[in-house]
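Per-entry structural report
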Amino acid sequence: MTENANQFKKAPKRKKEKARSVTVSPEMRQAYADLIKQKEEREEYAKHLPSEKGR
């Protein structure tokens, strides 16, 4: 029974890992935003097309 009492104790909190940050130029940021926008437009367009799963 003493083993079961220790089993459900609260675990110690973990230290948060340092987050990595990346610095990009405004041109790269805009190019990435455009890329995401194009991808969303393609997915929106493809949503209305019949699926090709049966082929």
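For the structure, check the block above.
Residues numbered from 1 in each chain as written. Predicted model: local features only at pLDDT ≥ 70, side-chain atom pairs only at ≥ 80, totals over all residues. Heavy atoms only, no water.

1. Things to note about the overall build of the chain
The secondary structure content of the chain amounts to two helices and zero strands. Classification of the 55 residues of the chain by burial places 0% in the buried group. About 6800 Å² of surface is accessible on the chain, with carbon and sulfur atoms providing 53% of the total. (Helix = DSSP H or I, 4+ residues; strand = E, 2+ residues; numbered from the N terminus. Buried < 20%, exposed > 50% of the residue type's maximum accessible area, 1.4 Å probe, protein only. Areas by Shrake-Rupley, 256 points an atom, 1.4 Å probe, with all protein chains shown as cover.)

2. Observations regarding a nonpolar patch on the surface
A cluster of nonpolar side chains, V22, V24 and M28, forms an exposed patch at the surface whose accessible area comes to about 290 Å². Positionally, M28 belongs in helix α2 (residues 26-47). (Patch = residues over 30% accessible without salt bridge, like charges linked within 9 Å, V, L, I, M, F, W, Y side chains within 5 Å. Salt bridge = Lys/Arg side-chain N within 4 Å of Asp/Glu carboxyl O.)

3. A closer look at the pattern of salt bridges
Under the defined criterion, the tally for this structure stands at one salt bridge. Here E44 makes a salt bridge to K47, at a shortest N to O gap of 3.4 Å. Of this pair, E44 and K47 are both found in helix α2, three residues apart, which corresponds to roughly one turn of the helix.

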